[in-house]
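# Fold and geometry: a report
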Amino acid sequence: MDQFQLRDGSYHCDSLPLNELSQSVGTPAYIYSKKMLEEHCSALLDAFKNYPTDACFAVKSLSNLSILKTIFAAGLGADLVSAGELQRALLAGAPTNRIVFSGVGKQEDEVRQALSAGILMFNVESPFEIDMIAGLAATANKTAAISLRINPNIDAQTNAKITTGLYSTKFGLTETDLPDLLNRIRSQPSLQLVGLACHIGSQILDLAPLREAAQQMAALSTSVRNLGFDLRYLNMGGGLGIRYSNEEPPSVMEYAEALIQGVRPTGLRLIIEPGRSLVGNIGVLLTRVISVKKTPERHFVVVDAAMNDLIRPTLYESYHTITSVNATVPNAPTALCDIVGPICESGDFLGKDRQMPLPVAGELLMVRGCGAYGSSMASQYNSRPRAPEILVDGAQFRIIRQRETLESLWANELHGFR
Ligand SMILES: Cc1ncc(COP(=O)(O)O)c(C=O)c1O
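Residues numbered from 1 in each chain as written. Predicted model: local features only at pLDDT ≥ 70, side-chain atom pairs only at ≥ 80, totals over all residues. Heavy atoms only, no water.

### As for the overall build of the protein
The secondary structure content of the protein amounts to 12 helices and 20 strands. The C-alpha radius of gyration of the protein comes to 23 Å, within 12% of the 22 Å expected for a compact globule of 418 residues. Looking at the 418 residues of the protein, the share that counts as buried comes to 55%. In the form shown here, the protein has an accessible surface area of approximately 17900 Å², with 50% of it arising from carbon and sulfur atoms. Across the protein, 37 positive and 42 negative side-chain charges occur, with their mean positions spaced 3 Å apart. (Helix = DSSP H or I, 4+ residues; strand = E, 2+ residues; numbered from the N terminus. Rg over C-alpha atoms; globule rule 2.2 N^0.38 Å. Buried < 20%, exposed > 50% of the residue type's maximum accessible area, 1.4 Å probe, protein only. Areas by Shrake-Rupley, 256 points an atom, 1.4 Å probe, with all protein chains shown as cover. Lys, Arg positive; Asp, Glu negative; His and termini not counted. Charge placed at Lys NZ, Arg CZ, Asp CG, Glu CD.)

As structure tokens, this is what we get:
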């Protein structure tokens, strides 16, 4: 259930009024609902309970330690793409037998760390990686479990920048390369091929491409097994979309049904790597209006959050619902507004062309759907300290990432500063 609800004239997160919270933690600030996170995790696990499945949370989508701890405690594993994410996941208590390491450019030291942690498998994305992982595993006297990430050339029908299953993208290996890749794997005693993987994109709203991918991957697994490889897993990646405005994403049950139907004939254990669908809607970005100015075309509502806090609108032209934290007067006059940050880029906006009651300076706004790829993509551009992250649990809250200090912006520069 959505825990960001209007009550007694203002929005709350769980039972905490956001106005009150902003007085304690300042703005901009990311606010997450623990209850929603736990509900999303249990709904996901429930949807897959009738088929052997490992759900590995895509750490990149929201990598805060306290969030990860909650997710691992709920029974999920981790899908990661860097040594930084690996160490975060381990710190937060990830079960190592449910960690998969994806990514198109794994580096030697990252592979060494993952081998030493004893992760479940690497999702291999290039012939180069096969030899690299084999060499490092042999040196460490270990056998590395790998799956081959296949690019199935299926259009996920989503934003081009989050499409990852077409030949025009850098991801995965092609089916035609398989014979050569399998020969390479056979010649490497330190490798064990345990599965195939794919991830065709993110914010998927139509299940048809995922169904097609599951069927294609199931057929491919059968061919690979017929060549004598003892596969055990089929990894279908992440991708389930969420509602940012008026989208109608498939339910988690429909999503599970689509994947399971494709994979069931193989009997292979299913791996999924959900990110956005678990955390996207558990978070909002609170921001305060600095000023409002009128130009011949529109009003610009300048707020204290910017593209360094939330880059999705700039990067993907993605839509986030933006509302006042206080209930607006019914039938209040509206104006055409762009909600923009203070950064020196025309691309610095959180929302464009919004017909909304005109906010006033000092007003508290809430940018919805910011849990996924929000704080985890934040930067310090324009020397802006990154925003804090707050976890709300009932009427309590905990600062799970402090606001960065100004000093921290240049702390790593002092060493070479003369
Ligand atoms: C390999 C891989 N798995 C899983 C995910 C998570 O996708 P989503 O957040 O759409 O569920 C991503 C996202 O980019 C990814 O690259």
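Past the structure itself, the notes keep going.
### Structural notes on the sheet that holds strand β6 (residues 77-80)
The parallel closed barrel is built from 8 strands, whose spatial order is β5-β6-β7-β8-β9-β10-β11-β12. For this sheet, the mean inter-axis angle between neighbouring strands, taken without regard to orientation, is 30°. One ladder, built from 3 bridges, connects β6 with strand β7 (residues 99-101); its direction is parallel. Residue Asp79 lies in a different strand from β7, and its bridge partner there is Val100. Strand contacts of helix α6 (residues 127-139): β8 (121-124), β9 (144-149) and β10 (191-197), with the helix running at about 155° to β8, the strand carrying the most contacts. Strands in contact with helix α8 (residues 208-226) are β10 and β11 (233-235); relative to β10, the strand with the most contacts, it is inclined by about 155°. (Pairing = 2+ DSSP bridges. Axes fitted to C-alpha atoms, helices over the stretch in contact; angles between N-to-C directions. Contact = heavy atoms within 4.5 Å.)

### With respect to the domain arrangement of the protein
If you check the domain split of the protein, you get domain 1 (4-32 + 280-413) and domain 2 (63-274). Computed over C-alpha atoms, the centres of domain 1 and domain 2 are 33 Å apart. At the interface, 18 residues of domain 1 touch 12 residues of domain 2. Our enumeration of links across domain 1 and domain 2 arrives at 0 salt bridges. For the interface between domain 1 and domain 2, the tally reads 6 residue pairs in polar contact (both at pLDDT 80 or more). If you list the elements that add at least two residues to the side of domain 1 that touches domain 2, you get α11 (312-316), β19 (389-393) and β20 (396-401). In terms of residue class, the side of domain 1 that touches domain 2 is built from 8 nonpolar, 6 polar and 4 charged. (Domains from an automatic or database assignment. Salt bridge = Lys/Arg side-chain N within 4 Å of Asp/Glu carboxyl O. Polar contact = N/O pair within 3.5 Å; in protein donor to acceptor, adjacent residues only side chain to side chain. Nonpolar A, V, L, I, M, F, W, Y, C, P; charged D, E, K, R; others polar.)

### Topic: the layout of surface pockets
Its boundaries defined by the atoms lining it, the largest pocket holds a volume of some 680 Å³. Lining the largest pocket are 33 residues; nearest its centre among them are Lys60, Arg149, Thr164, Phe171 and His199. Of the residues assigned to the lining of the largest pocket, the class counts are 12 nonpolar, 13 polar and 8 charged. For the lining of the largest pocket, the domains that each give at least three residues are domain 1 (4-32 + 280-413) and domain 2 (63-274). Put simply, the second largest pocket is a space of about 540 Å³. The wall of the second largest pocket is formed by 23 residues, among which His40, Ile242, Arg243, Ser277 and Asn281 lie closest to the centre. When residues of the lining of the second largest pocket are traced back to their parent elements, those giving at least two are α2 (34-47) and α10 (276-279). (1 Å grid on protein atoms, 1.4 Å probe; cavity = no way out; pocket = protein on both sides within 12 Å on 5 of 7 lines; lining within 4 Å. Points joined across faces, edges and corners; volume = space filled by probe spheres on them.)

### Here's the deal with the packing of aromatic side chains
As enumerated under the stated definition, the model contains 3 aromatic pairs in all. Aromatic side chains Tyr30 and Tyr32 sit 6.3 Å apart centroid to centroid with 20° between the ring planes, which places their arrangement in the stacked category. For the pair Tyr30 and Tyr32, a shared accessibility class is recorded, and that class is buried. With centroids separated by 5.8 Å and ring planes inclined at 80°, the aromatic side chains of Phe48 and Tyr255 adopt a geometry described as edge-to-face. Here Phe48 is found in the loop between α2 and β5 (53-58), whereas its partner Tyr255 is found in helix α9 (residues 252-263), with 207 residues between them in sequence. We classify Phe48 as buried; its relative accessible area is 4%. Its relative accessible area of 1% is what places Tyr255 among the buried residues. (Phe/Tyr/Trp six-rings, centres within 6.5 Å; stacked < 30°, edge-to-face > 60°.)

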